[in-house]
Amino acid sequence: MTPKQVQKELDRQAVLFEERCTAQHTASGNIKFETFAKEWFKEHAEPNRRPRTVARLHQLEERTYTAIGHIRLDKLTARHIQKFIDNLGEEGISKREEYAQPKGDFLGHLEGMTQKDLSERSGVSRSTISALCRGGNVTVATADKLAKALNVSTRELFTIKRSTGKLAPKTIQHYLSFISDVMEYAVRFDLIPANPCRRVVAPTGTKKEHECYTIQEAQTFLDSLESAPIKYKAFFVLATYGGLRLGELLGLEWPDIDFEAHTVRVQRTSQYLPDRGTFTDGTKTEKSRRTLKLPAEVFSVLKKLRADQAQQRLQAGDLWEPSERLFVGELGKPLHPNTPYHWLRGWCEQTGQRFLGIHAFRHLNASLLINSGVDVRTVSASLGHSNTTTTLNVYAHTFEEAQAKASEAVADLLRRKAE
């Protein structure tokens, strides 16, 4: 290059360097992890991730910032992060030394009082009370508030237990994922050359097999719905035949239902956060937006639901809250996500059936598809998984059982021909 060409190239590189510095506000990783993580929340997580996901990530901040928040990005090594991750698995890391476990079904202690009433009387959030009704635990202080509101002793309602002080492996994995996402964002803007989290190892928990209803149990349950309110009959018929997630079911609107083509379009979800209440959100992944072809009997039930909802709207008059949602309360408000769960639990107790929760119907649908010989790509598309790998990982045991049955069928056929 001539001296003139050299100078021209130097000038060009200087301009490019200045543009990078302006875009990043810094030319290096000389910024503390906590400061950058808060920028990541504002610039990336909050605009691009679902509200509930962001809320869960915020819960990880305090412990993470205490451990590594003061370290500069360019000085934060895999060893720093590994020590933090290892520490999370040690005894005593959990701040909750004692916790209160409800005796029996906490819902039975309400005696006609609604969860909302108890929340207002005790000062405990409705989401916490709902978690208790699902068999969750609370702090001893929260248990005291609830017992006082119900005019009974804490020991009468709860068993006080001592915590192991350990965090679950899945929770520890969430911490590592959070740190990794922040560091990957730093790599993207050339603040650091590589993500140190890639060399960090998190504990792996024992993977539990999904509990699932048998075909006979499913048929018995569907038969029992003949005497159930049409709203819940429609809800669980759709859950069984469609395999939809809870949020997807609650997010369905009447324009999504094509009664002639017998299809249901999944386009949104209904979610809940304490500070926002019930709100509409997008689907879990892009591939969760899908159209399902379902049997005619599903739409027969949905027609009855639509007629019943129209009748309720007439009776409520101006009190009815305008909504296109399939599943609403008495005055048209979208159902709280915990409402179907509590109804199902009560219904199973009333009818003497096994209670496995709402997500069990999604597992049932997947199991029926797999065991009927449907290929993994079709199963994945029906469930709205982002890719077939997710389907294979979640339902690996079911696929293995189906493959074993298929192999046995081939062997039986060959035996008969040999005879």
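Conventions used here
Residues numbered from 1 in each chain as written. Predicted model: local features only at pLDDT ≥ 70, side-chain atom pairs only at ≥ 80, totals over all residues. Heavy atoms only, no water. Pairing = 2+ DSSP bridges. Helix = DSSP H or I, 4+ residues; strand = E, 2+ residues; numbered from the N terminus. Patch = residues over 30% accessible without salt bridge, like charges linked within 9 Å, V, L, I, M, F, W, Y side chains within 5 Å. Areas by Shrake-Rupley, 256 points an atom, 1.4 Å probe, with all protein chains shown as cover. Salt bridge = Lys/Arg side-chain N within 4 Å of Asp/Glu carboxyl O. Buried < 20%, exposed > 50% of the residue type's maximum accessible area, 1.4 Å probe, protein only. Contact = heavy atoms within 4.5 Å. Core = buried A, V, L, I, M, F, W, Y, C linked by side-chain atoms within 4.5 Å. 1 Å grid on protein atoms, 1.4 Å probe; cavity = no way out; pocket = protein on both sides within 12 Å on 5 of 7 lines; lining within 4 Å. Points joined across faces, edges and corners; volume = space filled by probe spheres on them. Nonpolar A, V, L, I, M, F, W, Y, C, P; charged D, E, K, R; others polar.

Further remarks concern the sheet that holds strand 4 (residues 263–266). Spatially, the 3 strands line up as an open sheet ordered 3-4-7, and their pairing is antiparallel. Each edge of the sheet is formed by a strand with only one pairing partner; in this case those strands are strand 3 (257–258) and strand 7 (290–293). Where strand 3 meets strand 4, 2 bridges bridge the pair, whose relative direction is antiparallel. Counterpart to Asp-258 in the pairing with strand 4 is Thr-263.

All right, on to a nonpolar patch on the surface then. On the surface, a cluster of nonpolar side chains totalling about 330 Å² of accessible area is made up of Met-1, Val-6 and Leu-10. Locating Val-6 in the fold gives a position in helix 1 (residues 3–24). Under the relative-accessibility criterion, Val-6 is labelled partly exposed at 36%.

This paragraph deals with the environment of Pro-337. Looking at the secondary structure, you find Pro-337 in the loop between helix 14 (296–316) and helix 15 (338–351). The exposure class assigned to Pro-337 is buried, which follows from its relative accessible area of 14%. Put simply, Pro-337 and Leu-250 are 87 residues apart on the chain and 7.4 Å apart in space, counted from C-alpha to C-alpha. Contacts of Pro-337, omitting those with residues within four sequence positions, involve Leu-246, Leu-250, Gln-271, Tyr-272 and Thr-278.

Ranked by size, the top nonpolar core spans 40 residues in total, and within it Leu-225, Phe-236, Leu-238, Leu-302, Leu-326 and Phe-327 carry the most contacts. Of all elements in the fold, only helix 11 (215–224), helix 12 (230–242), helix 13 (246–251), strand 4, helix 14, helix 15 and helix 16 (359–371) reach the threshold of two or more residues within this core. Considering every element that reaches this core, the biggest residue donor is helix 12, with 8 residues. Once residues within four sequence positions are removed from consideration, Leu-326 is found in contact with Leu-238, Leu-252, Glu-253, Trp-254, Ile-257, Leu-302, Leu-305 and Gln-309. Core analysis: the second largest hydrophobic core is formed by 36 residues, Ile-85, Leu-176, Tyr-185 and Leu-191 among them.

Estimated volume of the second largest pocket: approximately 920 Å³. Around the second largest pocket, the lining comprises 24 residues; the ones closest to its centre are Arg-126, Gly-329, Leu-335, His-336 and Thr-339. Those elements that provide at least two residues to the lining of the second largest pocket are helix 6 (115–122), helix 7 (126–133), helix 12, strand 6 (277–281) and helix 15. Counting residues per element, the lining of the second largest pocket draws most heavily on helix 15, which supplies 3 residues. In terms of residue class, the lining of the second largest pocket is built from 8 nonpolar, 11 polar and 5 charged.

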